[in-house]
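So the chains spell out like this:
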Amino acid sequence: MAMLDTLLEMFSYQFLVRAVVVGALVSLCAALLGVSLVLKRYSMIGDGLSHVGFGALAVATAMNAAPLTVSIPVVVLAAFLLLRVSENSKIKGDAAIALISTSSLAIGVIVISLTTGMNTDVCNYLFGSILAMSKSDVRLSIALAAVVLALFVLCYNKIYAVTFDENFAKATGVKTGAWNMLIAFLTAITIVLGMRMMGALLISSLIIFPALTSMRLCKTFKSVAVCSAAVSVACFFAGVTVSYVKATPTGASVVAANIAAFLLFWAASAAKGRTGRTANIRQSVNP
Amino acid sequence: MAFITCQDAAFAYEGNAAVSGLNFAVSRGDYLCVVGENGSGKSTLVKGLLGLKAPHAGRVLTGDGLRPNEIGYLPQQTAAQKDFPSSVYEVALSGRLASRGILPFYSRRDRAIASENLERLGVSELRGRCYRELSGGQQQRVLLARALCATKKLILLDEPAAGLDPVMTQELYRLISRINREMGVTVIMVSHDIRSAAMHASHILHLKNRQEFFGSAADYLASEIGRAFAGGSEQRK
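Since we're looking at a predicted model, the values are computed, not measured.

Draft legend 1. Focus on the packing of aromatic side chains. The tally for this structure, following the rule as stated, stands at 14 aromatic pairs over all chains. Between Y156 of chain A and F221 of chain A the ring centres are 5.8 Å apart and the planes differ by 45°, which places this aromatic pair in the tilted class. Taken together, the residues span a long stretch of sequence, with Y156 of chain A in helix α8 (residues 156-164) and F221 of chain A in helix α12 (residues 221-246) at a distance of 65 residues. Take Y156 of chain A: its relative accessible area is 14%, and that puts it in the buried class. Taking the relative accessible area as the measure of exposure, F221 of chain A reaches 1% and is therefore buried. Between Y160 of chain A and F164 of chain A, the aromatic rings sit 5.9 Å apart at their centres with planes inclined by 5°, giving stacked as the arrangement. On the criterion of helical spacing, the pair formed by Y160 of chain A and F164 of chain A is a turn pair, its members being 4 residues apart in helix α8. Each of the two residues, Y160 of chain A as well as F164 of chain A, counts as buried. Here the guanidinium or amino end of R127 of chain B rests over the ring plane of Y89 of chain B, the centre of that ring lying 4.3 Å away.

Next comes the structure, spelled out in structure tokens:
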């Protein structure tokens with residue numbers, strides 16, 4: 001009962017309802033895209049993009065522009081660039097991503113200190129703030145989440161093929177380049193949307209954790225995708241509730257919930273593996 | 001006209017010619033084995049045949065009703081696939097993707113074809129299993145099933161026996177021969193295992209950054225280069 005009261009009390013705050021709506025949608029999209037990104041070894045792209053987003057946000061604030069109108073195009077551009085770089089370049093992919101992300105972090109910090117000065121804003125950008133969501137953000141997130149979900153469902157088979165075996169897909173005439181672009185584009189938008197709430201340093205956890213967590217137990221691509229989405233949204237709710245009750249930072253609490261889920265799944269898979277092995281041994285001892 | 005005809009074709013890799021002077025044809029029902037040492041241009045030729053790389057010189061023609069995307073490809077395995085969560089059935093079904101065009105979902109016919117090919121390669125009881133938990137030989141069978149889902153005309157196998165033990169390798173070669181003979185599927189196989197190649201294939205293409213030999217397997221074994229590379233398998237027979 002106390003739990004229900006807490007929840008009711010929580011949702012009586014307008015800003016919290018907005019944050020929960022946006023956050024849940026972003027968690028869902030990030031988890032779905034994360035399955036493909038993690039399996040394609042592109043996990044670091046998410047991290048790189050969030051740093052680029054930080055730089056773009058800082059510049060937008062300095063120019064007094066609406067944060068999303070500046071950061072969405074910049075981050076989308078960076079996503080295409082990072083994708084190209086990790087596919088073919090003289091500088092190796094991971095090094096190139098580290099270069100771009102630290103560069104934009106540095107530029108962002110300089111711009112902020114020159115304009116508003118190093119204050120709580122910087123802290124909010126880096127670690128997120130639950131107060132950041134406005135009404136227009138909510139509308140935009142709902143629209144974009146709908147687009148991401150629709151594209152993911154409609155293109156599910158193509159995303160699977162491009163993720164599992166790009167060479168085969170390419171040989172049978174699938175435009176793998178275009179599909180990679182699409183995944184990068186959707187990732188960029190998801191990151192920008194979630195960044196101000198989760199924080200530039202923490203947003204990539206929404207992409208990486210759910211996929212890795214569900215891969216501990218799930219054995220098929222479809223089940224990994226569905227499980228990631230469920231785990232991600234559940235962890236987000238858990239994180240926000242804890243952050244409300246204990247007054248901890250929202251972004252960090254959501255990540256903590258994801259860590260807990262990961263450890264839980266990992267322990268479950270280890271336990272399953274052990275019982276499986278004992279069963280095998282028993283079988284071989286007395287057939 | 002043959003399925004694939006190369007006329008004086010050459011393929012370059014980053015500006016350097018990797019393989020040149022290619023003059024050969026693959027007709028319906030052939031079993032062509034492309035042999036050569038590492039770095040002899042085999043992989044580049046594969047890319048060229050798949051249409052992923054345009055010829056640097058000469059021409060590569062497809063004919064006899066073969067469209068360029070009707071080649072079932074069995075690529076070398078990548079590191080990412082080693083821990084990829086996917087069921088065997090999902091892998092096989094993905095071979096049908098190209099035939100879907102822009103339609104988003106698989107039809108009942110696609111599912112039937114995927115099941116049929118898993119059955120044909122003797123892995124249908126593994127359909128719900130996780131691909132990464134299979135043995136190397138089982139994985140190759142699943143990928144072969146996927147290639148057959150993509151086409152009934154021509155499959156292109158890139159070092160299919162890489163990483164398999166000798167018993168599994170022989171089993172795989174027998175399976176490929178059967179697909180070629182019983183289903184009438186044309187096979188192009190890239191291999192550095194010259195002796196097995198000469199035993200199973202109908203034609204041999206020997207590369208050494210240019211075309212050293214193209215002709216029937218029997219002619220290859222009688223030729224000087226064939227005798228040198230196949231280690232005198234003739235005398236042993």
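Draft legend 2. Inspection of the environment of F168 of chain A at higher detail. Here F168 of chain A is to be found in helix α9 (residues 166-171). Residue class for F168 of chain A comes out buried when judged on its relative accessible area of 2%. Every residue in contact with F168 of chain A, bar those within four places of it in the chain, is listed here: Y73, P75, S94, G95, R146, A147 and A150 of chain B.

Draft legend 3. Highlighting the nonpolar core. Judged by nonpolar contacts, the single largest core of 135 residues is most densely connected at L49 of chain A together with L144, I155, I176 and I204 of chain B. Top element by residues in this core is helix α2 (residues 14-39) of chain A. It accounts for 14 residues. The residues contacting I176 of chain B, other than those within four sequence positions of it, are Y31, L144, L157, P160, V187 and M189 of chain B. A171 of chain A together with V19, V34 and L154 of chain B belong to the second largest nonpolar core, which has 27 residues in total.

Draft legend 4. Representation of the sheet that holds strand β8 (residues 203-207) of chain B within the structure. All names here are of chain B. The 6 strands are arranged β5-β6-β7-β3-β8-β9 in an open sheet whose pairing can be described as mixed. At either margin of the open sheet sits one strand with a lone partner, and together these are β5 (71-74) and β9 (211-216). Looking at each pair of strands side by side, their axes are set apart by 15° on average, direction ignored. Pairing of strand β3 (residues 31-35) with strand β7 (residues 186-191) involves 5 bridges; the strand directions are parallel.

Draft legend 5. Examining the pattern of salt bridges more closely. Overall, the coordinates contain 10 salt bridges over all chains when judged by the stated rule. Residues D165 of chain A and R146 of chain B are paired through a salt bridge, measuring 2.8 Å at the closest nitrogen-oxygen approach. Here D165 of chain A, found in the loop between α8 and α9, pairs with R146 of chain B, found in helix α5 (residues 136-150), and the two come from separate chains. K153 of chain B is paired through a salt bridge with E70 of chain B; the nearest N and O atoms lie 3.0 Å apart. Placement of the pair is K153 of chain B in the loop between α5 and β6 (154-158) and E70 of chain B in the loop between β4 (57-62) and β5, with a sequence separation of 83 residues. A relative accessible area of 15% places E70 of chain B in the buried class.

Draft legend 6. View of the pairing of β8 of chain B. All names here are of chain B. With 4 of 5 residues buried, β8 is to be regarded as a mostly interior element. Two strands pair when backbone bridges link them, and β3 and β8 are joined in this way by 4 bridges, in the parallel orientation. Note that in β8 the partner of V34 across the bridge is L205. Bridge count for β8 against β9 is 5 bridges, and the pairing is antiparallel. Across the sheet, I204 pairs through a bridge with G215, a residue of β9. Linkage of β8 to β9, two consecutive antiparallel strands, is achieved through a turn of 3 residues, within which N209 is found at a positive phi near 65°.

Draft legend 7. Seen up close, the interface of chain B and chain A. Each partner contributes residues to the interface: chain B has 35 residues there, and chain A has 26 residues. Carbon and sulfur atoms supply 63% of the area buried between chain B and chain A, which totals about 2700 Å² over both sides. If you sort the residues of chain B by the area they bury against chain A, F84, P85 and L97 of chain B come out on top, with a joint share of 24%. Joining chain B to chain A, the criterion identifies 10 residue pairs in polar contact (both at pLDDT 80 or more). Sort the elements by how many residues they give to the side of chain B that touches chain A and α5 of chain B lands first, with 4 residues. Of the residues belonging to the side of chain B that touches chain A, the class tally is 22 nonpolar, 8 polar and 5 charged.

Draft legend 8. Focus on unusual backbone geometry. For A247 of chain A, which is not glycine, the phi torsion reads 55° and is therefore positive. Counting through the fold element by element, A247 of chain A comes out in the loop between α12 and α13 (250-285). Of note in the backbone geometry, E159 of chain B takes a positive phi value of approximately 45° without being a glycine. Judged by relative accessible area, E159 of chain B falls into the buried class, the value being 12%.

Draft legend 9. How the structure looks around the sheet that holds strand β2 (residues 16-26) of chain B. Residues and elements named next belong to chain B. Ordered by their spatial adjacency, 3 strands build an open sheet running β2-β1-β4, and the pairing between neighbours is antiparallel. Each end of this open sheet is capped by a strand with a single partner; those strands are β2 and β4. For this sheet the average axis-to-axis angle between neighbouring strands, irrespective of direction, equals 30°. In the sheet, strand β1 (residues 4-13) pairs with β4 via 5 bridges, with the strands oriented antiparallel. Bridged to I4 within β4 is T62. Along the sheet face, helix α1 (residues 42-49) touches β1, β2 and β4 and points at about 120° away from the line of β1.

Draft legend 10. Local environment of the packing of α5 of chain B against helix α6 (residues 166-182) of chain B. Residue and element names in this part refer to chain B. α6 packs onto α5 with a crossing angle of 15° between their chain directions and a minimal axis gap of 10 Å. By the angle between their axes, α5 is roughly parallel relative to α6. Crossing angle aside, the handedness with which α5 passes α6 is right-handed. The segment α5 lies against α6, with G137, Q140, R141, L144 and L148 engaging M168, E171, L172, L175, I176 and I179. Residues of the contact of α5 with α6, tallied by class, amount to 7 nonpolar, 2 polar and 2 charged.

Draft legend 11. Quick peek at the confidence of the model for chain A. For chain A, per-residue confidence averages 84 on the pLDDT scale, and residues scoring 70 or more make up 91% of the total. Looking over chain A, one finds the lowest element-wise mean pLDDT in helix α6 (residues 120-127) of chain A, namely 76, and the highest in α12 of chain A, namely 93.

The rules behind the values
Residues numbered from 1 in each chain as written. Chains lettered and ligands numbered in written order. Predicted model: local features only at pLDDT ≥ 70, side-chain atom pairs only at ≥ 80, totals over all residues. Heavy atoms only, no water. Phe/Tyr/Trp six-rings, centres within 6.5 Å; stacked < 30°, edge-to-face > 60°. Helix = DSSP H or I, 4+ residues; strand = E, 2+ residues; numbered from the N terminus. Buried < 20%, exposed > 50% of the residue type's maximum accessible area, 1.4 Å probe, protein only. Lys NZ or Arg CZ within 6 Å of the ring centre and 35° of its normal. Contact = heavy atoms within 4.5 Å. Core = buried A, V, L, I, M, F, W, Y, C linked by side-chain atoms within 4.5 Å. Pairing = 2+ DSSP bridges. Axes fitted to C-alpha atoms, helices over the stretch in contact; angles between N-to-C directions. Salt bridge = Lys/Arg side-chain N within 4 Å of Asp/Glu carboxyl O. Buried area = accessible area lost by both parts, 1.4 Å probe. Polar contact = N/O pair within 3.5 Å; in protein donor to acceptor, adjacent residues only side chain to side chain. Nonpolar A, V, L, I, M, F, W, Y, C, P; charged D, E, K, R; others polar. Parallel < 35°, antiparallel > 145°, perpendicular 65-115°, else oblique. Left-handed = near helix turned anticlockwise from the far one by under 90°. pLDDT = per-residue confidence, 0-100.

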